[in-house]
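Single-letter residue listing:
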Amino acid sequence: MAFSDLLDIEGVCDKLGLSYQNSHELNNMINSKIPAQQPRFKCQEILVAGEAFDVYFRDILECVKALFGDPKLVPYLVFAPE
């Protein structure tokens, strides 16, 4: 919610050059680039100042493996400095 609130501030998305306007649109972009079967989101409850929050995340190493292992992306992958 706080991330979407930040993006709701007039001009923030434009100044940052973002192609999404809220966290829902960002999540949809992520889900369209990394198929649901690889890797799955995990949920962990964290406590901050006595208040519980659900945090959803993917293992970043598994995401990198999924992206580099996708044959459709081979033309776009760079393995050496440009």
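Residues numbered from 1 in each chain as written. Predicted model: local features only at pLDDT ≥ 70, side-chain atom pairs only at ≥ 80, totals over all residues. Heavy atoms only, no water.

> Can you walk me through the environment of phenylalanine 41 in this structure?
As for its position among the elements, phenylalanine 41 is in the loop between α3 (23-33) and β1 (42-48). The contact partners of phenylalanine 41, leaving out residues within four places of it in the chain, are Asn31, Tyr56, Phe57 and Arg58. (Helix = DSSP H or I, 4+ residues; strand = E, 2+ residues; numbered from the N terminus. Contact = heavy atoms within 4.5 Å.)

> What is the right way to look at the pattern of salt bridges in this model?
A pair can form between side chains of opposite charge whenever their charged atoms are brought close. In this structure the tally under the stated criterion is 1 salt bridge. The salt bridge involving lysine 65 is made with glutamate 62; its shortest N-O contact spans 3.5 Å. Remark: glutamate 62 and lysine 65 occur in helix α4 (residues 60-68); sequence separation between them is 3 residues, near one turn of the helix. The exposure class assigned to lysine 65 is exposed, which follows from its relative accessible area of 54%. Overall, the relative accessible area of 36% leaves glutamate 62 in the partly exposed class. (Salt bridge = Lys/Arg side-chain N within 4 Å of Asp/Glu carboxyl O. Buried < 20%, exposed > 50% of the residue type's maximum accessible area, 1.4 Å probe, protein only.)

> What's the story with the side chain of aspartate 70 in this structure? I'm lost.
Here aspartate 70 shows up in the segment after α4. Salt bridges are absent for the buried aspartate 70, whose nearest opposite-charge side chain, lysine 72, sits at 4.2 Å. Here lysine 72 takes part through its backbone nitrogen, which lies 2.9 Å from a polar atom of the side chain of aspartate 70. (Lys, Arg positive; Asp, Glu negative; His and termini not counted. Polar contact = N/O pair within 3.5 Å; in protein donor to acceptor, adjacent residues only side chain to side chain.)

> I keep staring at the pairing of β1 and nothing clicks. Help me out?
Bridge count for β1 against strand β2 (residues 51-57) is 7 bridges, and the pairing is antiparallel. In the strand pairing of β2, isoleucine 46 is matched with phenylalanine 53. Hairpin connection of β1 to β2: 2 residues between the antiparallel strands, including alanine 49 at a positive phi of 50 degrees. (Pairing = 2+ DSSP bridges.)

> Whenever I open this one, the packing of aromatic side chains confuses me. Can you help?
Here the distance between the centres and the angle between the planes together describe a pair of aromatic rings. Counting across every chain of the model gives 1 aromatic pair. Between the aromatic rings of phenylalanine 3 and tyrosine 20, the centroid separation amounts to 6.4 Å while the plane-to-plane angle is 40 degrees, which identifies the pairing as tilted. Pair noted here: phenylalanine 3 is in helix α1 (residues 2-8) and tyrosine 20 is in the loop between α2 (12-16) and α3, with a separation of 17 residues, a long-range link. With a relative accessible area of 12%, tyrosine 20 lands in the buried category. (Phe/Tyr/Trp six-rings, centres within 6.5 Å; stacked < 30°, edge-to-face > 60°.)

> What am I meant to see in unusual backbone geometry here?
Most peptide bonds take the trans form, and the phi angle of most residues other than glycine is negative. Of note in the backbone geometry, alanine 49 takes a positive phi value of approximately 50 degrees without being a glycine. Note on placement: alanine 49 falls in the loop between β1 and β2. For alanine 49, a relative accessible area of 83% translates into the label exposed.

> Before we go on, may I ask you to explain the side chain of serine 4 in this structure?
Residue position: serine 4 is located in helix α1. In contact with serine 4, not counting residues within four places along its chain, are Asn22 and Ser23.

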